[in-house]
Amino acid sequence: MKIEARGIRKGFRSGSHSLEALGGIDLGVEAGEFLCIVGPSGCGKSTFLRIAAGLDAADGGSLLFDGRPVSGTGPERIMVFQEGALFPWMDVQDNVEFGLRMAGLPRAERAEISARYLDMMQLSRFSRYYTYQLSTGMKQRVAIARALAMDPDVLLMDEPFAALDEGTRNLLLGEVQQIWARTAKTVIFVTHNVEEAAVLGTRIAVFGSRPSEVRAVVENGLPRPRAAGDPGLGPVKAEISAALGGAP
Amino acid sequence: MRYALYRAAFYGGLVALWHVIHASGVLPPGVLPSPYEVAEDLAFGATEGGLFYGIATSMWRLLAGLGIAVGGGVALGVLMARSEAVNQTAGSLVLGLQSIPSIAWVPLAILWYGLTDAGIIFVVAVGAVFAVTINTYTGVRNIDPHHIEAARNMGAGGAQLLFSVLLPAAFPHMITGFKQGWAFAWRGVIGAELLFAFLGLGHLLYAARSLTDVSYVMAIMLVIMAIGLVVDGVVFRRAEDAVMSRWGLRR
Ligand SMILES: Nc1ncnc2c1ncn2[C@@H]1O[C@H](COP(=O)(O)OP(=O)(O)OP(=O)(O)O)[C@@H](O)[C@H]1O
Ligand SMILES: [Mg+2]
């Protein structure tokens, strides 16, 4: 799904205090592209994803999916929340199957899908655990499995790897690239980690600080599969870091 | 285990003290029966069956009233939490009605329903419904907005959202509401039966009073207390523990 954001603005008001988070985001994402977003904390990356997911409305600008404006949220654009947002009253497997159940899939089919993604996230052993019994990194993996199980056109991922150890992260960097290559999903992936962005992104959008605009878009045509630590990533990482560190 | 011993000793001591006061004769005759007389009346009530019949009658009225209160209270609480218009209008009325003791509904219930089961069930339901309403409202209001957003994002809406997310997410608060509702209902049913004078434990209490049978009055009060303890301390305690640990609110 092709996404075109033009001049997206969003501010927050609390009492007399108002804060301009997005100062006009222009960003095009081709169908099947893997776009990474990096930028300083608080610059509005999550806010932008929420608008793309249809959970918040922008104050101004236009947002088109395959050339059409979309109002509200829907399962074709699935968000992986920075906070995970797993349901504590369900076990891991029921969490992963939630959207499938809402869509009316029969039990056997749901079980097959959830088993596949839980296995991919190395959580098969924990399918009957409740969220309070999981570590933060495990919760993030459940959240990723839940999103993948929905098989959405667009995946909106908000720092999904932030709480993972290096080994798990490297593994998931590989898995996510594979899924993306196989399914041609359009992915917007927010991260603070320059290396992660260089491994995953076909392009990397660098947001400036509030009120944020897209400060630079770094092209990344390196051959795949890529892995963290590849020496070839050097120039792309340098370019991202330069854009992040440049201009106030 | 140690506290079980303490507890046994405490109640043993209490009964012993009761016996001593009774035997000492400091109180005028007829004021305080001996523990033995009360136990005898309990045994009599149990063997003769009247006590069990009274318990069963009070219980079914309570369950009917509480059932109505839970159904109505949950529905109203969810509506108030999800619609500011309902909250601003019906919400204030709920707070007002909540301040009316259930016993104060008895005259109206008698006028509306006569001396019937329906009247007592009405008193029980109206006494319990607002506690359920208010706790359900609080529960739904306190749901992590990310949970609702994630559910909507994954395609949940309407009834699916209600039954798969709103109610389960609010359940820890709701169960507190059920517990409070039960407490109001239990007090309400005994009180209403006293005034309706129409079967049930409350009526047994009334009848025993008419016969100036102090020990039977005390025996029935013990039964009321014991049932309250069991439901509060066993049924609701267990349910709450299960819910709290399942929801990860307590380890
Ligand atoms: N619901 C809200 N109400 C008020 N202010 C908000 C709200 N959501 C976000 N903000 C503000 O908007 C700005 C952008 O927030 P956002 O969460 O999008 O940042 P971010 O780029 O995702 O940061 P991080 O990298 O730390 O996750 C912040 O200054 C934040 O305080
Ligand atoms: Mg964020």
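Residues numbered from 1 in each chain as written. Chains lettered and ligands numbered in written order. Predicted model: local features only at pLDDT ≥ 70, side-chain atom pairs only at ≥ 80, totals over all residues. Heavy atoms only, no water.

**Focus on the overall build of chain B**
So, point 1. Regarding its fold elements, chain B presents 10 helices and zero strands.
So, point 2. When its helices and strands are written in sequence order, chain B yields α-α-α-α-α-α-α-α-α-α.
So, point 3. For the C-alpha atoms alone, the extent of chain B along its principal axes is close to 75 × 50 × 30 Å.
So, point 4. Taking all 251 residues of chain B together, the buried fraction comes to 42%.
So, point 5. Relative to all contacts within chain B whose residues are 6 or more apart in sequence, the contacts with residues 24 or more apart total 72%. (Helix = DSSP H or I, 4+ residues; strand = E, 2+ residues; numbered from the N terminus. Buried < 20%, exposed > 50% of the residue type's maximum accessible area, 1.4 Å probe, protein only. Contact = heavy atoms within 4.5 Å.)

**A look at the sheet that holds strand β2 (residues 17–29) of chain A**
Residues and elements named next belong to chain A.
So, point 1. The sheet built from four strands is open, its strands ordered β2-β1-β4-β5 with antiparallel pairing. Of all strands in the sheet, those bounded by a partner on one side alone are β2 and β5 (68–69).
So, point 2. In the sheet, strand β1 (residues 3–14) pairs with strand β4 (residues 60–65) via five bridges, with the strands oriented antiparallel. Its bridge partner being in β4, alanine 5 is matched across the sheet by leucine 63.
So, point 3. Across the sheet, helix α1 (residues 45–53) is in contact with β1, β2 and β4; its angle to β1 comes to roughly 115°. (Pairing = 2+ DSSP bridges. Axes fitted to C-alpha atoms, helices over the stretch in contact; angles between N-to-C directions.)

**A short note on the site of ligand 1**
Residues and elements named next belong to chain A.
So, point 1. Taken together, the neighbourhood of ligand 1 is formed by 14 residues, with Ser41, Gly42, Lys45, Ser46 and Thr47 sitting nearest.
So, point 2. In this structure, glycine 44 approaches ligand 1 through a main-chain N or O atom, which is 2.9 Å from an oxygen atom.
So, point 3. Arginine 210 has a polar side-chain atom sitting 2.8 Å from an oxygen atom of ligand 1.
So, point 4. Going through the elements one at a time, β2 and α1 are the ones with two or more residues in the shell around ligand 1.
So, point 5. Across the shell around ligand 1, the residue classes tally to four nonpolar, seven polar and three charged. (Near = heavy atom within 4 Å. Polar contact = N/O pair within 3.5 Å; in protein donor to acceptor, adjacent residues only side chain to side chain. Nonpolar A, V, L, I, M, F, W, Y, C, P; charged D, E, K, R; others polar.)

**Observations regarding a nonpolar patch on the surface**
Residue and element names in this part refer to chain B.
So, point 1. A grouping of Leu17, Ile21, Val26, Leu27 and Val31 is seen on the molecular surface, where their side chains present a nonpolar patch of about 430 Å² in accessible area.
So, point 2. By secondary structure assignment, the location of leucine 17 is in helix α1 (residues 2–24).
So, point 3. By relative accessible area, leucine 17 is classed as partly exposed at 49%. (Patch = residues over 30% accessible without salt bridge, like charges linked within 9 Å, V, L, I, M, F, W, Y side chains within 5 Å. Areas by Shrake-Rupley, 256 points an atom, 1.4 Å probe, with all protein chains shown as cover. Salt bridge = Lys/Arg side-chain N within 4 Å of Asp/Glu carboxyl O.)

**Let's talk about the sheet that holds strand β7 (residues 154–158) of chain A**
All names here are of chain A.
So, point 1. On the basis of which strands lie adjacent, the open sheet formed by six strands has the order β6-β7-β8-β3-β9-β10 and mixed pairing. If you trace the sheet from one side to the other, it starts and ends with β6 (77–80) and β10 (214–219), each paired once. Adjacent strand axes in the sheet meet at a mean angle of 15°, parallel and antiparallel pairs treated alike.
So, point 2. Relative to strand β8 (residues 186–190), strand β3 (residues 34–38) runs parallel, the two sharing four bridges. Residue pairing for β8: isoleucine 37 is matched across the bridge by valine 190.
So, point 3. Across the face of the sheet, α1 comes into contact with β3, β6, β7, β8 and β9 (203–207) while running at roughly 155° to β7.
So, point 4. Lying on the sheet, helix α7 (residues 234–245) is in contact with β3, β9 and β10; it crosses β10 at an angle near 175°.

**So, the confidence of the model for chain B**
So, point 1. Residues with a pLDDT of 70 or more make up 99% of chain B, whose mean pLDDT is 92.
So, point 2. Model confidence for the complex: the whole-complex pTM is 0.87, and ipTM, which rates the interface, is 0.91. (pLDDT = per-residue confidence, 0-100.)

**Observations regarding the coordination of the magnesium ion (ligand 2)**
Residues and elements named next belong to chain A.
So, point 1. At 2.0 to 2.3 Å from the magnesium ion (ligand 2) lie its protein donor atoms, namely Ser46 (OG) and Gln82 (OE1). With serine 46 in helix α1 and glutamine 82 in the loop between β6 and α2 (92–102), this residue pair connects regions lying 36 residues apart in the sequence.
So, point 2. Here serine 46 falls in the partly exposed class, since its relative accessible area comes to 22%.
So, point 3. Overall, glutamine 82 belongs to the partly exposed group, its relative accessible area being 31%. (Donors = N, O, S within 2.8 Å, 3.2 Å for Na, K, Ca; no water.)

**What to know about the interface of chain A and chain B**
So, point 1. Across the contact, 25 residues belong to chain A and 20 residues belong to chain B.
So, point 2. Of all residues in chain A, A:Trp89, A:Met102 and A:Tyr132 give up the largest surface area on contact with chain B, accounting jointly for 37% of the area buried on that side.
So, point 3. If you look at where chain A meets chain B, you find one salt bridge.
So, point 4. Residue B:Glu149 pairs with A:Arg50 through a salt bridge whose shortest N-O separation is 2.6 Å.
So, point 5. Our count for the contact surface shared by chain A and chain B stands at 11 residue pairs in polar contact (both at pLDDT 80 or more).
So, point 6. Of the residues forming the side of chain A that touches chain B, the biggest block, four residues, is contributed by α2(A). (Buried area = accessible area lost by both parts, 1.4 Å probe.)

**Notes on the domain arrangement of chain A**
Quoted interface sizes are often the accessible area lost when the parts come together.
All names here are of chain A.
So, point 1. Domain annotation for chain A reports domain 1 (3–76 + 153–244) and domain 2 (85–151).
So, point 2. Inter-centroid distance (C-alpha atoms) of domain 1 to domain 2 is 24 Å.
So, point 3. The interface of domain 1 with domain 2 comprises 17 residues on the first partner and 12 residues on the second.
So, point 4. When the buried area of domain 1 at its contact with domain 2 is split by residue, Ala163, Leu172 and Ile179 rank highest and sum to 29% of it. (Domains from an automatic or database assignment.)

**Quick notes on unusual backbone geometry**
For residues that are not glycine, phi is negative in most cases, and the peptide bond is trans in most cases.
So, point 1. That bond from A:Arg210 to A:Pro211 is cis: its omega, -15°, falls within 30 degrees of zero.
So, point 2. Cis peptide bonds are those with omega within 30 degrees of zero, and the linkage from A:Arg224 to A:Pro225 qualifies with 0°.
So, point 3. Along the chain, the position of A:Pro225 falls in the loop between β10 and α7.
So, point 4. Even without being glycine, A:Asp66 reaches a positive phi, approximately 50°.
So, point 5. Note on placement: A:Asp66 falls in the loop between β4 and β5.
So, point 6. Under the relative-accessibility criterion, A:Asp66 is labelled partly exposed at 40%.
So, point 7. Non-glycine residue B:Leu199 carries a positive phi angle of around 55°.
So, point 8. When you line up the elements, B:Leu199 lands in the loop between α8 (158–196) and α9 (200–210).
So, point 9. Take B:Leu199: its relative accessible area is 34%, and that puts it in the partly exposed class.

**Looking at the nonpolar core**
So, point 1. Counting 144 residues, the largest nonpolar core has A:Phe48, A:Ile240 and B:Leu201 as the members making the most contacts within it.
So, point 2. Each of domain 1 (3–76 + 153–244) and domain 2 (85–151) of chain A gives at least three residues to this core. (Core = buried A, V, L, I, M, F, W, Y, C linked by side-chain atoms within 4.5 Å.)

**Comments concerning the packing of aromatic side chains**
Residues and elements named next belong to chain A.
So, point 1. Under the defined criterion, the tally for this structure stands at 15 aromatic pairs over all chains.
So, point 2. Ring centres 5.8 Å apart and planes at 75° place the aromatic pair phenylalanine 34 and tryptophan 180 in the edge-to-face group. Taken as a pair, phenylalanine 34 in strand β3 and tryptophan 180 in helix α5 (residues 166–183) lie far apart in primary sequence, 146 residues in all. The pair formed by phenylalanine 34 and tryptophan 180 is uniform in burial state, with each residue classed as buried. (Phe/Tyr/Trp six-rings, centres within 6.5 Å; stacked < 30°, edge-to-face > 60°.)

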